[in-house]
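Read off the chains here:
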Amino acid sequence: MRDRFLRAGRRAPVDRTPIWLMRQAGRYLPEYRALREKYDMLAMCRAPELAVEVTLQPLRRFDLDAAILFSDIMIPLRGMGVDFEIKHSVGPIVANPVRDRRDAENLRVVEPERDVPFVMQAIRLLRRELDGKVPLIGFAGAPFTLASYIVEGKPSRDLLRTKSLMYGDSAAWHTLMDKLAASVSAYLLAQIRAGAQAVQLFDSWVGALSPRDYRAYVLPYSKKIFDALSATGVPRIHFGTGTATLLELMQEAGGEVIGLDWRVPLDQAWDRLGDIALQGNLDPAVMLAAPEIVEQQTRAILSQADGRRGHIFNLGHGILPNTPIENVERLVEIVHSFVVETLR
Ligand code: CP3
């Protein structure tokens with residue numbers, strides 16, 4: 001198997017810097033958009049054959065070093081009793097948001113084999129299809145980011161309802177976070193049992209919090225998940241955006257790899273965190289620019305990594321729907337042509 005992604009996750013030496021892209025299966029691909037004309041996004045997540053097809057689409061075009069299961073962070077929530085849809089160009093909309101203690105107490109803990117068997121089925125099929133070519137990444141939303149959708153009921157800029165619950169009814173908050181931590185742990189363990197070779201925990205919106213509040217209201221729950229996975233030995237990636245002031249605390253919560261957005265220079269993150277692998281961190285907006293700019297910015301990140309062990313190249317957040325295919329091709333070429341001798 002081409003295992004440079006897994007090796008980098010363990011900070012072992014690699015021949016080339018591995019690269020994969022968040023949302024690599026998605027709307028910037030014409031073949032994805034063609035399937036979406038026929039099927040609803042959630043229907044595609046729930047049909048293993050379709051999820052497998054979409055997962056493989058970017059790998060047919062680009063020389064990527066990992067596959068990520070096509071799914072969504074919202075998928076396990078129906079098993080908890082959260083009723084949602086995903087609105088095109090908007091995001092998740094929850095019909096029955098959690099607003100008080102009783103709502104939180106009424107949530108169930110996910111039982112993956114009962115609630116989302118199609119996810120494990122897709123993973124098993126994918127492992128067969130990938131046939132050891134590249135590793136398969138499983139994923140889940142982190143408790144805070146999931147809580148933000150469950151409480152707000154829709155994407156929100158300031159997360160005021162989420163914070164109101166957190167500060168205003170801490171018993172309700174801790175009940176909600178406890179159930180999410182138990183659900184996500186079970187969900188990721190089931191993915192690993194089905195064959196996921198690495199996992200990423202997406203705490204996309206946690207940058208809304210101060211370090212103090214992260215420690216009090218979030219860290220224990222994310223840590224529970226990382227602790228639950230540690231015996232599996234699979235590389236665990238801990239990603240968030242807007243996390244410049246939270247990186248040390250995210251490291252404390254867990255993960256072999258910290259996923260950075262574009263706001264933190266890689267070398268500064270390494271100075272702060274020490275011996276850990278880092279994933280990132282090209283601004284996805286750069287991918288909309290001319291190829292020369294993509295090249296220049298990519299090289300800048302590679303030179304910040306400076307051949308240190310444990311760099312996984314990625315964007316700082318998901319690839320944007322209007323990204324030109326040529327820029328993705330160029331990006332992967334540049335990262336892979338970064339010469340071996342410079343890797344130390
Ligand atoms: O990375 C991959 O290729 C795997 C697939 C994946 C999707 N969502 C597919 C998707 C992954 C890893 C996610 C995670 C996800 N979903 C996150 C965390 C990552 C991040 O970007 O911060 C979040 C916050 C969500 C919730 C969500 N789902 C949003 C905000 C949206 C976008 C809404 C829109 O239309 O702009 C979705 C929908 C979604 N998830 C799409 C895809 C390909 C687009 C759906 C479509 O085809 O209309």
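Structure shown above.
These notes cover the structure that comes with them.

Procedures and definitions
- Residues numbered from 1 in each chain as written.
- Predicted model: local features only at pLDDT ≥ 70, side-chain atom pairs only at ≥ 80, totals over all residues.
- Heavy atoms only, no water.
- Near = heavy atom within 4 Å.
- Polar contact = N/O pair within 3.5 Å; in protein donor to acceptor, adjacent residues only side chain to side chain.
- Areas by Shrake-Rupley, 256 points an atom, 1.4 Å probe, with all protein chains shown as cover.
- Helix = DSSP H or I, 4+ residues; strand = E, 2+ residues; numbered from the N terminus.
- Nonpolar A, V, L, I, M, F, W, Y, C, P; charged D, E, K, R; others polar.
- Buried < 20%, exposed > 50% of the residue type's maximum accessible area, 1.4 Å probe, protein only.
- Pairing = 2+ DSSP bridges.
- Contact = heavy atoms within 4.5 Å.

## What about the site of the ligand?
- Within the structure, the ligand sits among 27 residues, and Arg23, Tyr32, Arg36, Ser204 and His317 are positioned closest to it.
- The side chain of Arg27 places a nitrogen or oxygen atom 2.8 Å from an oxygen atom of the ligand.
- Between the ligand and His88 there is a distance of 2.9 Å, counted from an oxygen atom to a side-chain nitrogen or oxygen.
- For the ligand, the accessible surface in isolation is 860 Å², of which the surrounding protein chains cover 93%.
- Elements that contribute at least two residues to the shell around the ligand include exactly α2 (30-38) and β3 (91-94).
- Here the shell around the ligand is composed, by residue class, of 15 nonpolar, 8 polar and 4 charged.

## Here we look at the pairing of strand β4 (residues 136-141)
- Among the 6 residues that make up β4, 6 are buried, leaving the element largely enclosed by the rest of the structure.
- Judged by which residues are buried, β4 turns out to be covered on both faces: Leu136, Gly138 and Ala140 on one side and Ile137, Phe139 and Gly141 on the other are all buried.
- Pairing analysis gives 2 bridges linking strand β1 (residues 67-68) to β4, with the strands arranged parallel. Along β4, the bridge assignment pairs Ile68 with Ile137.
- Pairing geometry for β4 and strand β5 (residues 198-203), over 5 bridges, is parallel. By the bridge assignment, Ala140 is partnered in β5 with Leu201.

## Overview of the environment of Leu246
- Counting through the fold element by element, Leu246 comes out in the loop between β6 (236-240) and α13 (247-253).
- For Leu246 and Ile325, which are 79 residues apart along the polypeptide, the C-alpha to C-alpha distance reads 33 Å.
- Setting aside residues no more than four positions away along its own chain, Leu246 makes contact with Val206, Gly207, Leu209, Ser210, Pro211 and Tyr214.

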